[in-house]
Amino acid sequence: MALARCPSIAIDPDFEIRFPLRSPTRLYRQTSDEFFSNENLKELLGATVDLAFVDGMHKAEFALRDILNLETYASRSSVVVVDDVLPEKIEWTTRERHTTAWTGDVYKVIRFLREHRPDLDISVYDIEMKGMALITGFNPGDRTVQKHLARHEVDLAGDRYAYSEIEDLRLAIAPEPADALVDYLADLRTRRRTMRVVPKQDAQTGALYLDLLKRSLLNEIYLDDELRLLYLRDCLAGQDSFDYAVLHNIREARLENLEDLKASRRIGRFPDRNIHRSGFSHTMMGRQRLDSLHACLDAVSAGDVPGDLMECGVWRGGGCILMAGWLRVHGDNQRKLLVADSFEGLPKPTHTQDGKLDLTKEKFPELAVSKEAVRENFAVYGLLDDHKQVFLKGWFRDTLTNAPTLQIALLRLDGDLYESTMDTLQALYDRVSPGGIVIVDDYGALPMCRQAVEDFFAFRGEAVPPLTHVDWTGAFFVKPC
Ligand SMILES: C[S@@+](CC[C@H](N)C(=O)[O-])C[C@H]1O[C@@H](n2cnc3c(N)ncnc32)[C@H](O)[C@@H]1O
């Protein structure tokens, strides 16, 4: 477990931890049968199992139950490693322990699975006297073995799959030499990637979908109508005079305003930097920052960076909606999406670094978007999914420390204030995976946000990791490995 670099689970009725565990690990002091009957592994991990190691009771039927239980929570590319499948001596294969080195009859499970589950990909390696099997190609819906499990368990405990001579046993198991494991692992890595890689045609469709999603989030498709509504609002406020011809030919009649609006969507800045003219975009980001967010998501995927996706400060939800669309396109069921906001605007400035920057809803009602409205925005894109999304409502100082995520691959900070940026970094930075990406939306626009990033790293005695600047305000960095 000390080698794990991702959220992990360890089960043993009598464990003893002698090495520091570097990853968030849940320890269960119970048998695996008890664990699987009491717990839902998918809920605990928030994802399917990536890698499991079966090395419990040295009895074939117990190993079989562990493998079948794990398959329920596996994907096709999950790997289950089974120890003790290739004993060096036949005396080691007794069901009760009589020798110092002892494998029990776990080897029978290999013969059994090859007979009953030829669809599984099973390779055995001649490693360290007792051998090791790697199993992939799982199908969580398969019930072939479970249907007659009681009978199979009796057969496994008896002689049906047993050998009395070690030569026969090793011939039947047909192990690969230990050296071949290196090539197998390289091949497995490629296969796991390709299992996840979207086929070319789907990739083109996915790219088109994400492009259309960005255009929709920016309301670029209906920009004329947005301009019409802004025109009518100005007329009602007495700032313009109503003329049906203007309403009808808004493009020509208000060309300059239209160009301003287009530019504001490109660069992610309200016309005249006036929040009251925020319009109908679902995000304050412009196209450049949306494209950059998209590229960051691709980068964590290409780099196999483990962890969830999270935005702190979501406003109307557009950035998170793009992340939800990206997860859908990539068929990524592993990562959760965490959507954190007060859903009632910004807190009153209390930190000296925030000075008198009062962005509370009393002054800026446009900044307060309710959780229901954000969820509705997810829903209109067909992207609301309560199994994979967590909406965390409240002030960051209260909600983030216990945020239900153990590991984060991409963290987006967009809370504007010193306090909001600092609270987010303090609560979550240690959970960002090495190689994970931290995006700071207001780095260029708000000096107090930049100050919070600098102070955070200064308090830790670390340099701010090298920043990539996206546009006039957005920047991101990769957490050093
Ligand atoms: C600039 S907006 C976020 C823009 C959004 N990311 C986008 O792409 O359009 C800032 C958001 O942060 C939230 N916020 C700021 N500070 C917060 C805090 N300390 N706790 C909770 N929410 C906060 C506000 O409610 C607001 O929705």
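Given the structure is predicted, the values throughout are model-derived calculations rather than measurements.

**Comments concerning the pattern of salt bridges**
Side-chain pairs of opposite charge can arise whenever the charged atoms involved come near each other.
Then, in step 1: Considering all chains together, one arrives at 37 salt bridges under this definition.
Then, in step 2: Among the charged side chains, a salt-bridge network with shared partners connects Arg289, Glu311, Arg412, Asp414, Asp441 and Asp471.

**Re the sheet that holds strand β4 (residues 74–83)**
Then, in step 1: Spatially, five strands are ordered β3-β4-β6-β5-β7 in an open sheet, and the strand pairing comes out mixed. The sheet is open, and its two edges are formed by β3 (49–54) and β7 (176–177), each paired on a single side.
Then, in step 2: The pairing of strand β5 (residues 121–126) with strand β6 (residues 132–136) spans five bridges and is antiparallel. Residue pairing for β6: Ile122 is matched across the bridge by Ile135.
Then, in step 3: Lying on the sheet, helix α3 (residues 60–72) is in contact with β3, β4 and β6; it crosses β4 at an angle near 160 degrees.
Then, in step 4: Contacting β5 and β6, helix α4 (residues 108–116) crosses the sheet at an angle of about 155 degrees to β5.

**Side note on the environment of Cys296**
Then, in step 1: With respect to the helices, strands and loops of the structure, Cys296 is situated in helix α13 (residues 287–302).
Then, in step 2: Here the alpha-carbon distance between Cys296 and Leu322, two residues 26 residues apart in the chain, equals 12 Å.

**So, the site of the ligand**
Then, in step 1: Taken together, 21 residues form the shell around the ligand, and within it Met284, Gly313, Asp341, Asp414 and Ser420 come nearest.
Then, in step 2: Measuring from an oxygen atom of the ligand, one finds a side-chain N or O atom of Asp341 at 2.6 Å.
Then, in step 3: Between the ligand and the protein, one listed contact pairs a nitrogen atom with a backbone N or O atom of Ser342 at 3.0 Å.
Then, in step 4: Isolated, the ligand exposes 600 Å² of accessible area, and the fraction of that covered by the protein chains is 99%.
Then, in step 5: The residue inventory of the shell around the ligand, partitioned by class, reads nine nonpolar, seven polar and five charged.

**As for the domain arrangement of the chain**
Then, in step 1: When its domains are assigned, the chain resolves into domain 1 (31–195), domain 2 (219–277) and domain 3 (287–478).
Then, in step 2: For domain 2 and domain 3, the distance between their C-alpha centroids amounts to 29 Å.
Then, in step 3: In this complex, domain 2 contributes ten residues to the contact, which on the side of domain 3 involves ten residues.
Then, in step 4: When residues of domain 2 are sorted by the area they lose upon contact with domain 3, Ile267, Ile275 and His276 head the list and together hold 49% of the total.
Then, in step 5: Run the count over domain 2 and domain 3 and you get zero salt bridges.

What counts and what doesn't
- Residues numbered from 1 in each chain as written.
- Predicted model: local features only at pLDDT ≥ 70, side-chain atom pairs only at ≥ 80, totals over all residues.
- Heavy atoms only, no water.
- Salt bridge = Lys/Arg side-chain N within 4 Å of Asp/Glu carboxyl O.
- Pairing = 2+ DSSP bridges.
- Helix = DSSP H or I, 4+ residues; strand = E, 2+ residues; numbered from the N terminus.
- Contact = heavy atoms within 4.5 Å.
- Axes fitted to C-alpha atoms, helices over the stretch in contact; angles between N-to-C directions.
- Near = heavy atom within 4 Å.
- Polar contact = N/O pair within 3.5 Å; in protein donor to acceptor, adjacent residues only side chain to side chain.
- Areas by Shrake-Rupley, 256 points an atom, 1.4 Å probe, with all protein chains shown as cover.
- Nonpolar A, V, L, I, M, F, W, Y, C, P; charged D, E, K, R; others polar.
- Domains from an automatic or database assignment.
- Buried area = accessible area lost by both parts, 1.4 Å probe.

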